[in-house]
Structures are given as structure tokens and as C-alpha cells.
Amino acid sequence: MPNIPTRFEALRGGFKAFFAPPPEGVTRLTVGEPGFDTPSNVTNAMIDAVKSGDTHYTRGEGRESLCATWAEYLQHRWNIPVTGEGIVMTPGAKQALLYAMMVALDRDDEILLLDPAWPTYAEQAVLVGAKPISVPCIQPSFRPDMVALENAISHRTKALLINSPNNPTGAVYTPEEIQNMVDFAIRHDLWIISDEIYAELIWNGTPHISPASLPGGFERTLTVMGPSKTHAMTGWRVGVLAATNEVANLVGRIQGNTCSHIPSFIMPAAEVAAKEWDSVGEFRGDYIQKRKRMMDLIEQIPLLNAGEPEGAFYLMVDVRNTGMDAITFAARAMEEACVQVIPLEGIPGGEGYIRLSYAADDDVIEEGLKRLGEWLGNQ
Ligand SMILES: Cc1ncc(COP(=O)(O)O)c(C=O)c1O
């Protein structure tokens with residue numbers, strides 16, 4: 001058998017190991033996806049498209065009406081001056097992020113990640129031959145540290161990744177913090193890759209500011225969006241990359257030479273999702289309740305500490321008072337309390353923390369926290 005090339009040997013699977021169905025009886029607080037069903041108007045648009053034979057090759061970036069609809073959403077909702085020509089519809093936001101790294105980074109270039117960060121960013125940087133540079137956030141509130149960012153600049157720095165609201169920290173960066181980072185990117189002539197997949201999911205009233213909406217921001221920002229989290233469409237694999245026409249044209253050519261386009265019959269559904277952002281409101285109330293319930297339950301467990309998440313649907317929980325590191329905690333929670341959590345020990349800045357997701361059914365949240373409380377109470 002021929003050898004497998006070694007260049008991706010070190011590639012890690014992110015949180016993948018925690019997404020396989022656990023053994024029966026285990027309560028999962030791991031999954032980063034809404035427990036809701038995709039809204040029926042979205043689903044019906046897809047069914048109608050299949051039935052009407054919309055199953056052939058089409059425009060690689062996505063149909064013009066689809067791209068125009070997403071551009072309109074980004075313009076009106078987040079003040080991003082993008083047109084339909086600046087949009088590429090991708091198989092999930094994840095693929096949009098990979099394209100963004102491909103066009104922003106040359107081999108050995110450096111991209112600054114505000115850690116703890118979603119593990120996929122570092123792995124994608126490695127995939128494109130670039131180097132992820134870890135810039136720790138200010139703990140325990142996980143604010144971006146402008147001094148640390150300045151200190152991390154080298155002659156190879158080409159990009160800054162911003163993810164607000166943030167997975168896994170739940171932080172939402174303030175308008176001032178976003179402005180500071182855009183100014184920093186302008187000062188050092190960096191690309192900004194802005195992952196805004198959780199933009200609609202903010203709980204503390206902080207306005208969501210897109211870096212691309214600020215003066216000097218649009219021409220250097222690759223904005224990543226999509227309906228996965230807001231419309232419970234994680235399995236549909238629909239994402240959006242928004243950029244200047246020139247960048248989008250290049251991304252369109254990359255996609256044209258790889259997967260061609262997202263499935264034709266998904267396009268009408270993705271268009272409905274972009275038009276009908278009201279459906280998000282329905283879910284929002286539920287998330288607010290779930291977040292509160294999880295916070296209340298955590299507060300009743302003296303050995304666990306968590307700050308209030310400002311957005312997305314994750315809770316970073318400090319487990320250091322238990323005397324365990326996060327990997328031991330997660331392994332023992334699984335073994336002894338039958339609760340699955342994600343240890344963040346393996347990602348820079350995540351040492352001593354686990355991530356819980358409150359995008360779970362209410363009874364799962366109740367049962368999971370009850371089990372953790374009883375288990376820790378008996379230590
Ligand atoms: C921060 C962040 N960005 C992007 C994604 C990927 O989204 P999609 O499912 O649309 O690829 C996720 C999914 O967990 C995420 O947490």
C-alpha cells in the first residue's frame with residue numbers, strides 16, 4: 001500500500017470526539033446545535049425544489065437571487081456594504097472559514113487567534129500551511145487583550161480572527177473592542193476573518209458590530225455567516241462568505257474547482273432562511289430561559305464557577321476548585337456521573353475549564369446538572 005503523505009498527520013479533530021453518540025444513559029451537555037427543528041417554511045422550500053426537479057448544476061457562488069438576499073440581510077441587519085456579487089454560499093460556515101484562510105494566508109503566514117478559541121480555526125490555519133498564533137484573552141471575562149495583540153505582531157502576521165459572540169467563551173465583544181481590533185488590523189494591514197455565526201444570539205443587550213461595517217473594515221474583512229445555529233440548520237450545510245467582489249470572485253473560483261456549489265435544491269431554502277429572520281425570535285426566548293436555568297443550577301454547585309455568557313449557547317465552567325484538571329474532570333464525569341462534557345484543556349487558554357452547551361432540552365439540562373451536583377457533593 002502506498003504511504004499516506006505525512007503533512008496532515010498532526011491534524012486534530014476539534015471537538016469531534018465528543019459528538020459521537022455516547023453510551024446509553026449518558027446525559028450530553030456537549031452538542032453545539034439547537035434542539036429545535038428547522039422552521040417548516042425552510043424545509044418546505046427544499047421539498048418543493050426537489051419535487052420540481054431543481055437538481056442540476058447551477059451558479060457556483062449560489063443563484064443570483066440567493067446571494068442578493070443574503071447581501072440584503074447583511075446590509076440591513078449588520079450594515080455591511082456587500083452586494084450579491086460579494087457573496088459565496090458555502091457548505092456550512094466552516095467551509096467559508098477555510099476559504100477565508102485560503103485567500104488571506106500564504107504558506108508560513110501567521111494568523112492571530114484570541115484564545116481560548118474554537119479549535120477548528122487553528123487546524124484550518126495548519127491545513128492551508130499557515131501558523132496559528134495564540135493570543136490569550138483577559139480572564140476570567142475573556143475580553144480581547146490589545147496589548148497582547150500588539151505584542152504578537154511579527155513580520156509574518158497577515159490576519160486576525162474575530163469570533164463574537166464567541167464559542168466557547170460566550171463573550172460578546174463591545175463596539176469599542178471591535179473598533180479597537182479594526183484599528184489594529186488597519187494599522188498593521190491585516191485581513192480580518194470575522195466569524196459571526198452567533199450574531200443573532202446575544203443575551204446581554206450588547207449590540208453586535210460587524211468589523212466590515214466600520215470605516216476601513218469592509219475591504220479587509222472576510223465575514224462568515226450562516227443559518228446553522230439560528231435556524232437549526234446545522235445538518236443542511238449552508239454557510240455564507242461575504243467580502244469585496246474581488247475576494248468573492250476568487251473564492252467562487254476555489255469553490256468552482258472543489259465542490260462546485262451547495263446543492264441546487266437547498267438554495268431556495270437558504271433564501272427563505274435569509275428572508276425570514278423573525279423565526280429566530282421564536283428560539284431566542286427559549287435560549288434565554290435555558291441559559292438562566294443552567295446558570296442557576298451551576299450556582300448551586302459550590303465547586304464549579306462560571307461567568308454569565310453574553311451570547312451563543314455555551315458556558316465556560318472553571319473546574320479547578322474540584323482539584324481536577326479538565327480532562328480528568330470530563331473523564332470522571334462520564335464514568336462516575338454519566339454526564340458528557342467537553343474539556344478545554346487541549347486548547348490554549350482553556351486549561352481548567354469545561355464547556356457546557358445549553359442548546360439542549362430542558363430535562364437534559366436539569367438531569368445533567370443534578371448528576372454533576374450529586375457526584376461532586378460526594379467527593
Ligand atoms: C464559532 C463557530 N463557527 C462556525 C461553526 C460552523 O458552522 P457550520 O455548521 O455552519 O459549518 C461553528 C459550529 O459549531 C462554530 O461554533
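Model, not experiment: these values are computed from the prediction. (Residues numbered from 1 in each chain as written. Predicted model: local features only at pLDDT ≥ 70, side-chain atom pairs only at ≥ 80, totals over all residues. Heavy atoms only, no water.)

(A) The overall build of the protein chain, seen in detail. In terms of regular secondary structure, the protein chain is built from 11 helices and 13 strands. Its C-alpha atoms give the protein chain a radius of gyration of 21 Å, near enough to 21 Å, the size a compact globule of 379 residues would have. Along the three orthogonal principal directions, the C-alpha set of the protein chain runs to about 60 × 55 × 55 Å. Looking at the 379 residues of the protein chain, the share that counts as buried comes to 56%. (Helix = DSSP H or I, 4+ residues; strand = E, 2+ residues; numbered from the N terminus. Rg over C-alpha atoms; globule rule 2.2 N^0.38 Å. Buried < 20%, exposed > 50% of the residue type's maximum accessible area, 1.4 Å probe, protein only.)

(B) Structural view of the site of the ligand. Contacts to the ligand come from 13 residues, most closely from Asn167, Asp195, Tyr198, Ser228 and Lys229. Here asparagine 167 contributes a side-chain N or O atom positioned 2.7 Å from an oxygen atom of the ligand. A distance of 2.7 Å separates an oxygen atom of the ligand from a polar side-chain atom of arginine 237. Surface burial for the ligand is 92%, taken as the share of its 400 Å² of free accessible area covered by protein chains. Residues of the shell around the ligand, tallied by class, amount to five nonpolar, four polar and four charged. (Near = heavy atom within 4 Å. Polar contact = N/O pair within 3.5 Å; in protein donor to acceptor, adjacent residues only side chain to side chain. Areas by Shrake-Rupley, 256 points an atom, 1.4 Å probe, with all protein chains shown as cover. Nonpolar A, V, L, I, M, F, W, Y, C, P; charged D, E, K, R; others polar.)

(C) Examining the side chain of aspartate 195 more closely. Note that aspartate 195 resides in strand S6 (residues 191–195). Buried charge without a partner: aspartate 195 forms no salt bridge, and the closest opposite charge is lysine 229, 8.7 Å away. Among the polar contacts made by the side chain of aspartate 195, one reaches the main-chain amide nitrogen of isoleucine 197 at a distance of 3.2 Å. If sequence neighbours within four positions are ignored, aspartate 195 has contacts with Leu97, Trp118, Tyr121, Ile162, Asn163, Ser164 and Val224. (Lys, Arg positive; Asp, Glu negative; His and termini not counted. Salt bridge = Lys/Arg side-chain N within 4 Å of Asp/Glu carboxyl O. Contact = heavy atoms within 4.5 Å.)

(D) Region of interest: the nonpolar core. Counting residues in hydrophobic clusters, the biggest one holds 97 residues, and the most contacted among them are Met101, Ile111, Ile193, Leu222, Met294, Phe329 and Leu356. With nine residues, the single largest contributor to this core is helix H3 (residues 92–104). Residues from two domains meet in this core; each of domain 1 (16–38 + 279–377) and domain 2 (40–277) gives at least three. When near neighbours in sequence (up to four residues on either side) are disregarded, leucine 222 contacts Ala100, Val103, Ala104, Trp191, Ile192, Ile193, Ser194, Leu241, Ala242, Ala243 and Val247. The next biggest cluster of nonpolar side chains, apart from the first, holds 32 residues, and it includes Ile87, Phe218, Ile266 and Trp277. (Core = buried A, V, L, I, M, F, W, Y, C linked by side-chain atoms within 4.5 Å. Domains from an automatic or database assignment.)

(E) A look at the packing of aromatic side chains. All chains considered together, the criterion is met by 10 aromatic pairs. Ring centres of phenylalanine 313 and tyrosine 314 lie 5.0 Å apart, and the angle between their planes is 65°; on these two criteria the pair is classed as edge-to-face. The pair formed by phenylalanine 313 and tyrosine 314 is uniform in burial state, with each residue classed as buried. Clustering of aromatic rings is evident, with ring pairs tying together Phe36, Tyr198, Trp203, Tyr287, Phe313 and Tyr314. (Phe/Tyr/Trp six-rings, centres within 6.5 Å; stacked < 30°, edge-to-face > 60°.)

(F) Looking closely at the pairing of strand S3 (residues 110–115). Most of S3 sits inside the fold, with six of its six residues counted as buried. By the alternation rule, side chains of S3 split into Glu110, Leu112 and Leu114 and Ile111, Leu113 and Asp115, which are all buried. Each parallel crossover has a hand, and for S3 linked through helix H4 (residues 120–127) to strand S4 (residues 131–136) it is right-handed. By the bridge criterion, four bridges tie S3 to strand S5 (residues 157–163) in an arrangement that is parallel. What sits directly across from glutamate 110, in S5, is threonine 157. (Right-handed = clockwise from strand over helix to strand, strands pointing away. Pairing = 2+ DSSP bridges.)

(G) Local environment of the sheet that holds strand S2 (residues 87–90). Taken in spatial order, the seven strands of this open sheet run S2-S8-S7-S6-S5-S3-S4, and their pairing is mixed. Strands at the two margins of the open sheet, each flanked by one partner only, are S2 and S4. When strand polarity is set aside, the average angle formed by the axes of neighbouring strands in this sheet is 20°. As paired elements, S6 and strand S7 (residues 221–225) share four bridges and run parallel to each other. Among the inter-strand pairings, serine 194 is bridged to a residue of S7, identified as threonine 223. The sheet contacts of helix H2 (residues 64–78) involve S2, S7 and strand S8 (239–242), and relative to S2 the element is tilted by about 110°. (Axes fitted to C-alpha atoms, helices over the stretch in contact; angles between N-to-C directions.)

(H) Spotlight on the domain arrangement of the protein chain. Assigned domains of the protein chain: these are domain 1 (16–38 + 279–377) and domain 2 (40–277). Measuring from the centre of the C-alpha atoms in domain 1 to the corresponding centre in domain 2 gives 26 Å. The interface is formed by 30 residues belonging to domain 1 together with 37 residues belonging to domain 2. Of the roughly 2600 Å² buried at the junction of domain 1 and domain 2 (both faces included), carbon and sulfur atoms supply 57%. Inspection of the domain 1/domain 2 interface yields two salt bridges. (Buried area = accessible area lost by both parts, 1.4 Å probe.)

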